[in-house]
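# Structure assessment
Next come the chains, spelled out residue by residue.
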Amino acid sequence: MEIGESHLGNHLVLRPVGRLDNGTSADFQAYLVKALNAAGRDIIVDFSGINYVSSAGLRALMAASRLKPAGRRIAVAAAGQVVQEILTISRFHEVIPLFATVDAANEAWTDKTKPVATRSATPPHPPTVPVHFWGTRGSLAAPLNHNNTRGKIREALMAARDRQLRTPEAIDAFIERDLAFSVRGTFGGNTACVEIGTGGNEYMICDLGTGVREFGAKMMMQHGPARPQTYNVFLSHVHWDHIMGFPFFTPAYIPGNKIRIYSAHRSAREALLRQQSAPCFPVLFESLGATIEFIELETGQNYEIAGFTVSCIRQFHEGESYGYRFTKNGKVIVYSTDCEHKASVLDNSYPFVSFFRHADLLIFDAMYSLADAVSVKEDWGHSSNIIAVELAQLARVKKLAMFHHEPAYDDARIERVLGETIRYEEISREDHKVEVISAYDGLDLSV
Ligand SMILES: [Zn+2]
Ligand SMILES: [Zn+2]
């Protein structure tokens, strides 16, 4: 990759040109680390010539920042709108100072009476909606076992064999840069539960799979039993994997808490009561301390809830399931899990294309391969990664999060499917790019 060098004041300015992606990131990182060590001065990376940064590019930037000698500073300046957005979504602006221009960076660093500009230097963005995934597995919780853990340790040690990893920072950089996500992390094993931040004092979650236990634990840590909260729950349907966490949602036991369970599914109340009845569970639903309300929604209506406009759609799934579309400040998040889309009906007249239209984030049940979905697992109620991409492209979705992972898949397999799906998106793309990710337990997004 071409990297220009110049000086401004006492600072070295590097100006890479082109795309910072899988192909160029390693060069960029090596160049940056070398410059940080050799220059003896702070570095401003002028991003005005960069038109795209992939996660590999971001990792390279982060690794260089971590590997820099003590006392050396690095900042990014003059990023274009798209790159700026990528840096913000990935929260890099919280770690590496961003400046609107190279001059602004130079000025901030030269004037010793001024504190180094960080977040305040970031050009203003429309408010974002935080999304946190508490559970992403489909059908059944699927925790890692000791063999899986041992396998990851083994792979990490193999990859580190000939490396000189003498400091914690070098180890962190190695983990981040050189280990695949399936080795350094895990997609997780909790079943469906996704939190959408309201920015207000109410909470909002989709589904009550086993992930809701950890959400409840965080709420108890944050608020304790003495400060009652309001929780808005949107239930896709009442299959076990979407409700089984509720008996372990501690806030449900605390008097004063309010829980509103919204669903278009007519059996929501019955299923939750039955789940907590003898002999299946020792605490009856009726004896829970919180005030719990069930609110029936109708498809095709708009509702104003916790600052969002919410609508729902009936999906193709045994026993009925519903997808939800949440809109706020022009941002659209769609939660659509447990739905079987049949390939032959995909065009603009398909109702899901309008339901997904221009979503900033589409959370989508991509449990199976297309081959499985149209053969042995036909009519099992779930969709494939291929259909996910095609629908997202038709609906001009910005980011597609594959969700409801098959419990039989290990991390390496989910990662492979993600790679293949990204590739499929490239191959099938006409004029609209969909960013494809695979959701994992603990993933934070800023929409
Ligand atoms: Zn499910
Ligand atoms: Zn289901």
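Residues numbered from 1 in each chain as written. Chains lettered and ligands numbered in written order. Predicted model: local features only at pLDDT ≥ 70, side-chain atom pairs only at ≥ 80, totals over all residues. Heavy atoms only, no water.

### Some thoughts on helix H8 (residues 211-223)
Spanning 13 residues, H8 covers 19 Å between terminal C-alpha atoms, matching the ideal 18 Å at 1.5 Å per step. By the burial criterion, the buried members of H8 are Gly-211, Val-212, Phe-215, Gly-216, Met-219 and His-223. Down the axis of H8, the buried side of the element spans an arc of 135°, and every buried residue falls inside it. In this structure, the buried residues of H8 make contact with strand S7 (130-135), strand S8 (193-196), strand S9 (202-206) and strand S10 (230-234). One or two positions beyond H8, positive phi appears at Gly-224, with a value near 65°. (Helix = DSSP H or I, 4+ residues; strand = E, 2+ residues; numbered from the N terminus. Expected span 1.5 Å × (residues − 1). Buried < 20%, exposed > 50% of the residue type's maximum accessible area, 1.4 Å probe, protein only. Arc of directions from axis to C-beta. Contact = heavy atoms within 4.5 Å.)

### With respect to the nonpolar core
Nonpolar side chains tend to gather and get buried jointly when the protein is soluble and globular. Counting residues in hydrophobic clusters, the biggest one holds 31 residues, and the most contacted among them are Phe-356, Leu-362, Phe-364, Leu-391 and Leu-400. Elements that contribute at least two residues to this core include exactly strand S16 (331-336), helix H11 (351-356), strand S17 (361-365), helix H13 (385-394), strand S18 (399-403) and helix H14 (411-428). Not counting chain neighbours up to four residues away, the residues in contact with Leu-362 comprise Val-334, Ser-336, Phe-356, Ala-392, Val-397, Lys-399, Leu-400 and Ala-401. With 30 residues, the next largest nonpolar core counts Phe-326, Ile-333, Tyr-335 and Ala-401 among its residues. (Core = buried A, V, L, I, M, F, W, Y, C linked by side-chain atoms within 4.5 Å.)

### Focus: the pairing of strand S3 (residues 43-46)
The side chains of a regular strand alternate between both faces of the sheet. Side chains Ile-43 and Val-45 of S3 all project onto a buried face; the interleaved residues Ile-44 and Asp-46 project onto the opposite face, where all are buried too. In this structure, strand S2 (residues 11-20) lies alongside S3, joined through three bridges in parallel fashion. Note that in S3 the partner of Leu-14 across the bridge is Val-45. Judged from the four bridges that link them, S3 and strand S5 (residues 74-77) form a sheet pairing that is parallel. When the bridges of S5 are listed, Val-45 appears paired with Val-76. (Pairing = 2+ DSSP bridges.)

### A word on the sheet that holds strand S12 (residues 291-296)
Spatially, S12-S11-S10-S9-S8-S7-S20 is the arrangement adopted by the seven strands of the open sheet, whose pairing is mixed. Taken across any chain shown, the strands that pair with only one partner, and hence form the sheet edges, are S12 and strand S20 (444-446). When strand polarity is set aside, the average angle formed by the axes of neighbouring strands in this sheet is 20°. By the bridge criterion, five bridges tie S9 to S10 in an arrangement that is parallel. Residue pairing for S10: Tyr-203 is matched across the bridge by Tyr-231. Across the sheet, H8 is in contact with S7, S8, S9 and S10; its angle to S9 comes to roughly 170°. (Axes fitted to C-alpha atoms, helices over the stretch in contact; angles between N-to-C directions.)

### Observations concerning the coordination of the zinc ion (ligand 2)
Ideal donor angles around a metal are set by the shape: a four-donor tetrahedron calls for 109.5 degrees, a six-donor octahedron for 90 or 180 degrees. Here the zinc ion (ligand 2) is held by His-237 (NE2), His-239 (ND1), His-317 (NE2) and Asp-338 (OD), and the distances to it run 2.1 to 2.5 Å. Here the zinc ion (ligand 2) binds four donor atoms, and the angle range of 90 to 174° at the metal identifies the geometry as irregular. Motif for the zinc ion (ligand 2), donor spacing along one chain: H-x1-H-x77-H-x20-D. Taken as a pair, the zinc ion (ligand 2) and the zinc ion (ligand 1) show a spacing of 3.6 Å, with Asp-338 coordinating each metal. Of this pair, His-239 sits in the loop between S10 and helix H9 (240-243) while Asp-338 is found in the loop between S16 and H11, placing the two residues 99 residues apart along the sequence. On the basis of relative accessible area, Asp-338 is assigned to the buried category, the value being 2%. (Donors = N, O, S within 2.8 Å, 3.2 Å for Na, K, Ca; no water. Tetrahedral: all angles 85-135°; square planar, octahedral: opposite > 155°, others 65-115°.)

### A closer look at the coordination of the zinc ion (ligand 1)
Coordination sphere of the zinc ion (ligand 1), protein contribution only: Asp-241 (OD), His-242 (NE2), Asp-338 (OD) and His-404 (NE2), at 2.1 to 2.3 Å. Coordination geometry of the zinc ion (ligand 1): the four donor atoms subtend angles of 90 to 167° at the metal centre, consistent with an arrangement described as irregular. For the zinc ion (ligand 1), the single-chain donor residues occur in sequence as D-H-x95-D-x65-H. Classification of His-242 as buried rests on a relative accessible area of 0%.

### Examining the domain arrangement of the chain
According to the domain assignment, the chain consists of domain 1 (2-121), domain 2 (131-140 + 186-446) and domain 3 (146-184). Taken over C-alpha atoms, the centre of domain 2 sits 32 Å from the centre of domain 3. On the domain 3 side, the residues contacting the six residues of domain 2 number four residues. It is Thr-186, Asp-411 and Glu-415 in domain 2 that bury the most area against domain 3; as a group they hold 71% of the surface buried on that side. Put simply, domain 2 and domain 3 have one salt bridge between them. For the salt bridge of Asp-411 with Lys-152, the shortest nitrogen-to-oxygen distance reads 2.7 Å. For the pair domain 2 and domain 3, the number of links is three residue pairs in polar contact (both at pLDDT 80 or more). For the side of domain 2 that touches domain 3, the class distribution of residues is three nonpolar, one polar and two charged. (Domains from an automatic or database assignment. Buried area = accessible area lost by both parts, 1.4 Å probe. Salt bridge = Lys/Arg side-chain N within 4 Å of Asp/Glu carboxyl O. Polar contact = N/O pair within 3.5 Å; in protein donor to acceptor, adjacent residues only side chain to side chain. Nonpolar A, V, L, I, M, F, W, Y, C, P; charged D, E, K, R; others polar.)

### Things to note about the environment of Glu-340
Relative to the helices and strands, Glu-340 is located in the loop between S16 and H11. On a C-alpha basis, the gap between Glu-340 and Ile-387 in space is 9.5 Å, while along the polypeptide they are 47 residues apart. Here Glu-340 is in contact with Phe-316, Ala-373, Lys-377, Glu-378, Asp-379, Trp-380, Gly-381, His-382 and Ser-383, once residues within four sequence places are set aside. Polar contacts involving the side chain of Glu-340 include one to the main-chain amide nitrogen of Trp-380, which spans 3.3 Å.

### So, the sheet that holds strand S19 (residues 435-438)
Strand pairing in a sheet is mediated by backbone hydrogen bonds. Such pairs are either parallel or antiparallel. In space, the seven strands of this open sheet follow the order S13-S14-S15-S16-S17-S18-S19, with mixed pairing throughout. Where the open sheet ends on each side, the last strands, each with one partner, are strand S13 (303-305) and S19. Adjacent strand axes in the sheet meet at a mean angle of 25°, parallel and antiparallel pairs treated alike. Here strand S14 (residues 308-315) pairs with strand S15 (residues 321-328) via seven bridges, running antiparallel. Residue pairing across strands places Ile-313 opposite Gly-323, the latter belonging to S15. The strands that H14 touches are S18 and S19; relative to S19, the one it contacts most, it runs at about 170°.

### Describing the pattern of salt bridges
Applying the stated rule across the entire model yields 21 salt bridges. The shortest N-O distance in the salt bridge between Glu-298 and Arg-266 comes to 3.4 Å. One end of the pair, Glu-298, is in the loop between S12 and S13; the other, Arg-266, is in the loop between strand S11 (258-263) and helix H10 (268-275), and 32 residues separate them in sequence. Note that Lys-377 and Glu-406 form a salt bridge whose closest N and O atoms lie 3.9 Å from each other. In this pair, Lys-377 is assigned in the loop between helix H12 (370-373) and H13 and Glu-406 in the loop between S18 and H14, connecting sequence segments 29 residues apart. Taken individually, Lys-377 and Glu-406 each receive the classification buried, so the pair is uniform in this respect.

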